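Coordinates in review
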Amino acid sequence: MSDSESKHLLIVYHSQSGRNERLAYAAQAAALAAEPSVQLRLLRAAEAGTRDIMWCDGILFFMPENFGSLAGGMKDFYDRTFYPVIARELHRPYGVFMCTGNDGSNALRQFEKIAKGYAWRCVSEPVICCGEPGPRAFEQAEELGAGFAAGLELGIF
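Here is a short report on the structure shown in this document. Starting afresh in each chain, residues are numbered from 1 along the sequence in its written order. The model is predicted, so local features are restricted to residues of pLDDT at least 70 and side-chain atom pairs to those at 80 or more, both for listing and for counting; the totals for chains, interfaces and linings are taken over all residues. Note: side-chain values were computed over all heavy atoms of the structure, leaving out hydrogens and water.

Side note on the nonpolar core
We call a set of buried Ala, Val, Leu, Ile, Met, Phe, Trp, Tyr and Cys residues a nonpolar core when their side-chain atoms join them within 4.5 Å. Partly exposed describes any residue whose relative accessible area lies between the buried limit of under 20% and the exposed limit of over 50%, with all areas from a 1.4 Å probe on protein chains only and scaled to the type maximum. Residues Val 12, Phe 61, Met 63, Tyr 78, Phe 111 and Trp 120 are the most contacted members of the largest nonpolar core, which totals 27 residues. The helix and strand labels rest on DSSP assignments: H or I over at least four residues marks a helix, E over at least two residues marks a strand, and numbering proceeds from the N terminus. Going through the elements one at a time, β1 (8-13), α2 (50-55), β3 (58-63), α3 (72-87), β6 (93-100) and α4 (105-118) are the ones with two or more residues in this core. The biggest single contributor to this core is α4, with 6 residues. Aside from chain neighbours lying at most four places away, what touches Tyr 78 is Phe 61, Met 63, Leu 70, Phe 111, Ile 114, Tyr 118 and Trp 120. Leu 60, Cys 99, Ala 137 and Leu 152 belong to the second largest nonpolar core, which has 23 residues in total. We call two residues in contact whenever any of their non-hydrogen atoms come within 4.5 Å of each other.

Re the state of the cysteines
Cysteine sulfur atoms that come within 2.5 Å of each other are treated as a disulfide pair. Counting across every chain of the model gives 0 disulfides. In this model Cys 122 remains outside any disulfide bridge; the closest cysteine sulfur is found in Cys 56, 15 Å from its own. Classification of Cys 122 as partly exposed rests on a relative accessible area of 36%. The thiol of Cys 129 is unpaired, and the distance to the nearest cysteine sulfur, on Cys 99, comes to 3.8 Å.

Overview of the pattern of salt bridges
For this document, the term salt bridge refers to a Lys or Arg side-chain nitrogen within 4 Å of an Asp or Glu carboxyl oxygen. For the structure shown, the criterion picks out 8 salt bridges. In this structure, Arg 19 and Glu 132 form a salt bridge, with 3.1 Å as the shortest nitrogen-oxygen distance. Of this pair, Arg 19 sits in helix α1 (residues 19-34) while Glu 132 sits in the loop between β8 (127-130) and α5 (135-154), and the two are 113 residues apart along the sequence. A single salt-bridge network, built from bridges that share partners, covers Arg 19, Arg 22 and Glu 132.

Here it is as structure tokens:
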């Protein structure tokens, strides 16, 4: 299958402690193992942009909550890409994973409002891990990555 025929998965993450970065890498490894034909980009939010959203067929987000709100590094990504993406009508399926110090509810609510503005659609239950991620959190990240890649490859979303 050529690159133009394969599905493209974008994983965007922001992490200062390394928690969300490690979880994003776990999702990437599981996605590649589950669906080797899916093309994948794993990028820090500061490095990702509109071209990456144009390239992909679906997006996974890994992000923290800072002081009960959406992390500034993720907010910067959304601020930079919002108008170019909505102008191109790039309606993408997404999944979200938050590793937080709080309960994540307010940050998730903020993110969901932003995603609605993009006209993106959530295709998996949001995952929220409170505190240091343990084995269950990594298992959830792997399930999210593998399941999302399979969904893209099968044309489910």
